[in-house]
Each structure stands twice: as structure tokens, then as C-alpha cells.
Amino acid sequence: MVNIIYVEPSGHRKTIDVEDGWSLMQGAIANGVDGIVGECGGSCACGTCHCYVEESRLGDIPPPEAAEEDMLDTVAAQLRPTSRLACQIKTTAGLAGLVVILPETQG
Ligand code: FES
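Thresholds, definitions, all that
Residues numbered from 1 in each chain as written. Predicted model: local features only at pLDDT ≥ 70, side-chain atom pairs only at ≥ 80, totals over all residues. Heavy atoms only, no water. Helix = DSSP H or I, 4+ residues; strand = E, 2+ residues; numbered from the N terminus. Rg over C-alpha atoms; globule rule 2.2 N^0.38 Å. Buried < 20%, exposed > 50% of the residue type's maximum accessible area, 1.4 Å probe, protein only. Contact = heavy atoms within 4.5 Å. Areas by Shrake-Rupley, 256 points an atom, 1.4 Å probe, with all protein chains shown as cover. Lys, Arg positive; Asp, Glu negative; His and termini not counted. Charge placed at Lys NZ, Arg CZ, Asp CG, Glu CD. Pairing = 2+ DSSP bridges. Phe/Tyr/Trp six-rings, centres within 6.5 Å; stacked < 30°, edge-to-face > 60°. Lys NZ or Arg CZ within 6 Å of the ring centre and 35° of its normal. Salt bridge = Lys/Arg side-chain N within 4 Å of Asp/Glu carboxyl O. Core = buried A, V, L, I, M, F, W, Y, C linked by side-chain atoms within 4.5 Å. Polar contact = N/O pair within 3.5 Å; in protein donor to acceptor, adjacent residues only side chain to side chain.

Novice: Can you tell me about the overall build of the protein, naming the residues and giving the values?
Specialist: In terms of helices and strands, the protein carries two helices and five strands. Counting helices and strands in the order they occur from the N terminus, the protein gives β-β-α-β-α-β-β. A globule of 107 residues ought to have a C-alpha radius of gyration of about 13 Å, and the protein, at 12 Å, matches this closely. Principal axes of the C-alpha set define a box for the protein whose edges measure 30 × 30 × 25 Å. Relative to its full complement of 107 residues, the protein shows a buried share of 44%. Considering only intrachain contacts with a sequence separation of at least 6, the fraction spanning at least 24 residues in the protein is 65%. A total accessible area of about 5300 Å² is found for the protein, and carbon and sulfur atoms account for 49% of it. Taken together, the 6 basic and 15 acidic charged side chains of the protein have centroids lying 5 Å from each other.

And the structure:
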């Protein structure tokens, strides 16, 4: 299990133990986190799992592949340097304590 802190659009923080190897999107959906939709089920085809990753931890996460970058251009909320798709980030022990901020809207 990997401890992840989700910040919902309301500002409410939810600390969740996510299964190793699950995506941040799967961990959020399975635990009823507000502010994430995951319409395509994690196949990088909808952009409704947009999140902002804690800036100081960006280096702990592999950079986005081209498909993720393309899909990030379609997200509903403001795109920021810390924007990622939660379905494309797999939890590993190295991500323990990561703060993931959910945007106001997913579309
Ligand atoms: S769940 Fe659809 S792009 Fe992430």
C-alpha cells in the first residue's frame, strides 16, 4: 500500500492507502474521492482524471509519454506545469506521501 493524499476541489484532504501498482486514478475512484472522473477507465483517452501533482515531487514520477501530453491539451480545467493524468501514474513506494490536487472541473 502507498499512502497518497488527495486534495478535493473543496479543499478537503483525503489520505488513502492505494494498492501498489494501481494508478492514482484507480486509488481515487475506489475510495470515492471527489474531483476525478476517469471516464475511459484509464486508457489515456478522456482527460477526466486531470490532477495537479505536488511540485516538489514531480521528479519522483516518470515524465508523461506523448499520448498523455496530447490528452492533457484537452482537459477542462487550467493546465499547469504540474498537470498530469492520474491514470498514467502508477503508485510505487517512492510516491509515499504524495499530494495530488484535484481541479475544479473535469469537463
Ligand atoms: S481515465 Fe481517461 S485519461 Fe485518465
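Novice: Just give me the short version of the pairing of strand β2 (residues 13-18), but keep the residues and values in it.
Specialist: Here strand β1 (residues 2-7) runs beside β2; their pairing, made up of six bridges, is antiparallel. Along β2, the bridge assignment pairs I4 with I16. Connecting the antiparallel pair β1 and β2 is a turn made up of five residues, with G11 showing a positive phi of about 100°.

Novice: Could you give an account of the packing of aromatic side chains, naming the residues involved and the relevant values?
Specialist: If you walk through the whole model with that rule in mind, you get zero aromatic pairs. For R80, the ring lying beneath its charged end belongs to Y52, and the centroid distance is 3.9 Å.

Novice: An account of the pattern of salt bridges is requested, with residue identities and associated values reported.
Specialist: Scanning the entire structure with this criterion turns up three salt bridges. E8 serves as the salt-bridge partner of K14, at 3.1 Å between the closest nitrogen and oxygen. Overall, the relative accessible area of 23% leaves K14 in the partly exposed class. Note that R57 is salt-bridged to D60, the shortest N-O span being 2.5 Å. D60 gets classed as partly exposed once you look at its relative accessible area, which sits at 43%.

Novice: A description of the environment of V99 should follow, citing residues and the corresponding values.
Specialist: With respect to the helices and strands, the residue V99 is situated in strand β5 (residues 98-101). Expressed as a C-alpha distance, the spacing of V99 and G35, which sit 64 residues apart in the sequence, is 14 Å. Residues in contact with V99, not counting those within four places in the same chain, are I5, V7, R13, Y52, V53 and E54.

Novice: Please give an account of the nonpolar core that cites residues and values.
Specialist: Among the nonpolar cores identified, the biggest contains 26 residues, and I4, Y6, L24, L85 and L98 are the most heavily contacted of them. Breaking this core down by element, the ones donating at least two residues are β1, β2, α1 (24-30), β3 (50-53), α2 (66-72) and β5. When residues no more than four places from it in sequence are discounted, the contact partners of L24 are I4, Y6, A86, I89, T91, L98 and V100.

Novice: I'd like a description of the environment of K14, backed by residues and values.
Specialist: Residue placement: K14 occurs in strand β2. Considering only alpha carbons, one finds K14 and K90, 76 residues apart in sequence, at a separation of 18 Å. A polar side-chain atom of K14 sits 3.0 Å from the main-chain carbonyl oxygen of G32.

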